[in-house]
Every structure is written in structure tokens, then in C-alpha cells.
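# Topology and contacts: notes
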Amino acid sequence: MKANKKSNAKHQAKRLNLSDSVEIISGWSPISQSAGPAGQGVQKNNNRVLRRSEVERITGLSRSTIYAWMQRGEFPQPLKLGTRLVAWREADVVAWLDSRDVRSCSHG
């Protein structure tokens, strides 16, 4: 259990360093873990960047759907932050969500 806590602490430290670097280089602030499914709890702050897992959580889409829709031009393109690191502007994702035709589901 102790090894797992150390590993998590090390991962969090690396993540904070990456977020700090993104903020310093580009003026974007680090991502938060407050977003819920389907856009609930998303604050409209144009300066934030979202990692893929957070985009999945906010939109309710799977990774494969996100990338397929990006190829078809139906989803915002990410920013390339490194060789294997991408993030989406929160403003782009929120605008995409706002532009979607929302249909209510009625069961019964």
C-alpha cells in the first residue's frame, strides 16, 4: 500500500510540473478534476486546456469516437503539446457541446 501511495504522489508531482509548464509557456491554467459527465460542472474559462480523459468525461464520448469525429471534422482538433501529449482548449469543447442538437430521451 505504501508503494502505491508513493507512486501516486510521484505521478501527481509529474502532472503538476507538466501543468505548470503549460501555464507558463502558453498562459493556460492547469486542468481541474471538477468536470462531470456531459458538460456538467464545466466552468467556461477560455484559458484552460483539457486532457483526453477529461474531454471524455465532459462529453461522454469514448476515445475512439473522439478521434473518429476529429478525422471527419466533427470534433475540435487538439493542441499538440509534445510528441505524445495533446490537450483540447476548454472553450473549443464547450462551444462544440453548445452547438450540438440536444434531444431529450423519453422512456415509457
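Presented here is a report on the structure given in the accompanying data block. (Residues numbered from 1 in each chain as written. Predicted model: local features only at pLDDT ≥ 70, side-chain atom pairs only at ≥ 80, totals over all residues. Heavy atoms only, no water.)

### Thoughts on the sheet that holds strand β2 (residues 79-82)
The strand order across the open sheet built from 3 strands is β1-β3-β2, with neighbouring strands paired in antiparallel fashion. Looking at the sheet topology across the chains shown, the edges are occupied by β1 (49-50) and β2. Relative to strand β3 (residues 85-89), β1 runs antiparallel, the two sharing 2 bridges. Across the sheet, the residue bridging to Leu-50 is Trp-88, located in β3. Where helix α4 (residues 90-99) meets the sheet, its contacts fall on β1 and β3, and the angle it forms with β3 comes to roughly 55°. (Pairing = 2+ DSSP bridges. Helix = DSSP H or I, 4+ residues; strand = E, 2+ residues; numbered from the N terminus. Contact = heavy atoms within 4.5 Å. Axes fitted to C-alpha atoms, helices over the stretch in contact; angles between N-to-C directions.)

### A closer look at the environment of Leu-85
Here Leu-85 lies in strand β3. For Leu-85, a relative accessible area of 15% translates into the label buried. Through-space distance from the C-alpha of Leu-85 to that of Arg-51 is 8.6 Å; in sequence the pair is 34 residues apart. (Buried < 20%, exposed > 50% of the residue type's maximum accessible area, 1.4 Å probe, protein only.)

### Regarding the packing of helix α2 (residues 52-59) against α4
Following both chains from N to C, one finds α2 and α4 inclined at 20°, their axes separated by 11 Å at the closest point. As summarised for this structure, α2 and α4 are arranged roughly parallel, according to the angle between their axes. The handedness of the crossing between α2 and α4 is right-handed. From α2, Val-55, Ile-58 and Thr-59 reach across to α4, where they touch Val-93, Trp-96 and Leu-97. Classifying every residue of the contact of α2 with α4 by side-chain character gives 5 nonpolar, 1 polar and no charged. (Parallel < 35°, antiparallel > 145°, perpendicular 65-115°, else oblique. Left-handed = near helix turned anticlockwise from the far one by under 90°. Nonpolar A, V, L, I, M, F, W, Y, C, P; charged D, E, K, R; others polar.)

Purely geometric stuff here, so don't read any function into it on its own.
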